Amino acid sequence: MKLAVLGASGWIGSHITSEALTRGHQVNVLVRDAGKVTQDNVTITEFDLTKDDIANAAAGSDAVIVAIGGRALGNHEIVANSAQQLLRALAGTGIRILWVGGAGSLEVAPGVTLISSPDFPAEYKDEARAQGEALEVFRASTADTPWTFVSPAAVIYPGDSEGPYRVGGDSFFTDSNGESKISVTDYAKAMLDEAQSAAHLNQRISIAY
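Draft legend 1. Representation of the packing of helix α3 (residues 77–89) against helix α4 (residues 125–140) within the structure. As a packed pair, α3 and α4 sit with axes 7 Å apart at the nearest point and diverge in direction by 25 degrees. The orientation of α3 relative to α4 falls into the category roughly parallel. The way α3 lies across α4 gives a crossing that is right-handed. Residues Val79, Ala80, Ala83, Gln84 and Leu87 of α3 form the contact with α4, whose own contacting residues are Ala130, Gln131, Glu133, Ala134, Val137 and Phe138. Here the residues of the contact of α3 with α4 are counted per class, giving eight nonpolar, two polar and one charged.

Draft legend 2. Seen up close, the environment of Ser161. Note that Ser161 resides in the loop between β9 (155–157) and β10 (166–168). You can call Ser161 partly exposed: its relative accessible area is 38%. Considering only alpha carbons, one finds Ser161 and Asp40, 121 residues apart in sequence, at a separation of 22 Å. If we ignore the near neighbours within four places in the chain, the residues touching Ser161 are Ser183, Thr185, Asp186 and Lys189. Of note is the side chain of Ser161, whose polar atom sits 3.4 Å from the backbone nitrogen of Gly163. A distance of 2.7 Å separates a polar atom in the side chain of Ser161 from a polar atom in the side chain of Asp186.

Draft legend 3. Inspection of the packing of aromatic side chains at higher detail. This model, assessed by the stated rule, comprises three aromatic pairs. With centroids separated by 5.1 Å and ring planes inclined at 35 degrees, the aromatic side chains of Phe138 and Trp147 adopt a geometry described as tilted. Here Phe138 falls in the buried class, since its relative accessible area comes to 1%. Take Trp147: its relative accessible area is 7%, and that puts it in the buried class. Grouped by ring-pair contacts, the aromatic residues Trp99, Phe138, Trp147 and Phe149 constitute a single cluster.

Draft legend 4. Up close: the nonpolar core. By size, the foremost hydrophobic cluster in this structure holds 32 residues, and its most contacted members are Ile16, Ile65, Val100, Tyr187, Met191 and Ile207. Among the secondary structure elements, those contributing two or more residues to this core are β1 (2–6), α1 (11–22), β2 (26–31), β4 (63–66), β5 (96–100), α5 (184–197) and β12 (203–208). If one sorts the elements of this core by residue count, α5 sits on top with seven residues. Residues contacting Ile207, with those up to four places away along its chain left out, are Val150, Ser151, Pro152, Ala153, Tyr165, Arg166, Val167, Ile182, Tyr187 and Ala190. Counting residues in hydrophobic clusters, the runner-up holds 28 residues, among them Leu6, Phe47, Ile68 and Phe138.

Draft legend 5. Region of interest: the pattern of salt bridges. Summed over all chains, the structure comprises eight salt bridges. Residues Glu136 and Arg139 are paired through a salt bridge, measuring 3.9 Å at the closest nitrogen-oxygen approach. Of this pair, Glu136 and Arg139 both sit in helix α4, separated by three residues, roughly a single helical turn. The class of Arg139 is partly exposed, set by a relative accessible area of 39%.

Draft legend 6. Layout of the side chain of Arg96. As for its placement among the helices and strands, Arg96 is situated in strand β5. Buried charge Arg96 goes without a salt bridge, the closest partner of opposite sign being Glu194 at 5.2 Å. Side-chain polar atoms of Arg96 contact the backbone oxygen of Ala195, separated by 2.5 Å.

What counts and how
- Residues numbered from 1 in each chain as written.
- Predicted model: local features only at pLDDT ≥ 70, side-chain atom pairs only at ≥ 80, totals over all residues.
- Heavy atoms only, no water.
- Axes fitted to C-alpha atoms, helices over the stretch in contact; angles between N-to-C directions.
- Helix = DSSP H or I, 4+ residues; strand = E, 2+ residues; numbered from the N terminus.
- Parallel < 35°, antiparallel > 145°, perpendicular 65-115°, else oblique.
- Left-handed = near helix turned anticlockwise from the far one by under 90°.
- Contact = heavy atoms within 4.5 Å.
- Nonpolar A, V, L, I, M, F, W, Y, C, P; charged D, E, K, R; others polar.
- Buried < 20%, exposed > 50% of the residue type's maximum accessible area, 1.4 Å probe, protein only.
- Polar contact = N/O pair within 3.5 Å; in protein donor to acceptor, adjacent residues only side chain to side chain.
- Phe/Tyr/Trp six-rings, centres within 6.5 Å; stacked < 30°, edge-to-face > 60°.
- Core = buried A, V, L, I, M, F, W, Y, C linked by side-chain atoms within 4.5 Å.
- Salt bridge = Lys/Arg side-chain N within 4 Å of Asp/Glu carboxyl O.
- Lys, Arg positive; Asp, Glu negative; His and termini not counted.

What follows is the structure in structure tokens.
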């Protein structure tokens, strides 16, 4: 496959890029600063969402994997705005969007989201709220751009693969110890599995052990 990765120099984006290369895919990394790219055997395209055309930058790709959060710049509005921009710009191209989402919008009960629970960490609320707004943008879109919003577990952490993961939908789920977690390596594997299978078009899925 030909994949473009937007946000490839970030923590999650770099793991997704490495996993794609391990599987033999052609990867075009779209980054503002080419000097931050650490992987070999990638095509590097300097790209700024605020002024460059994603359709041109990702031309020929089967999918664009998007890993942006806004935390570094303190600009969480960029998340939902970018979702809207990409859906519109890629309409009619046949290029899919695979979006690195958040867990805050998962439902712990019907109509009750994780972010609204009293134990949700305050320092992550802005980012989680922004990802929830992006999800609503995807769901409300009438563009013919296929998408998949991939929510990680409540805790995504550094580490190697720990074995099989589970794929859920909108409902928050935990393992036998009552924990919702996934290593960044296994999250990247799940993202590439979805990129290859296109099994959940125009849906949100969630990934955890």
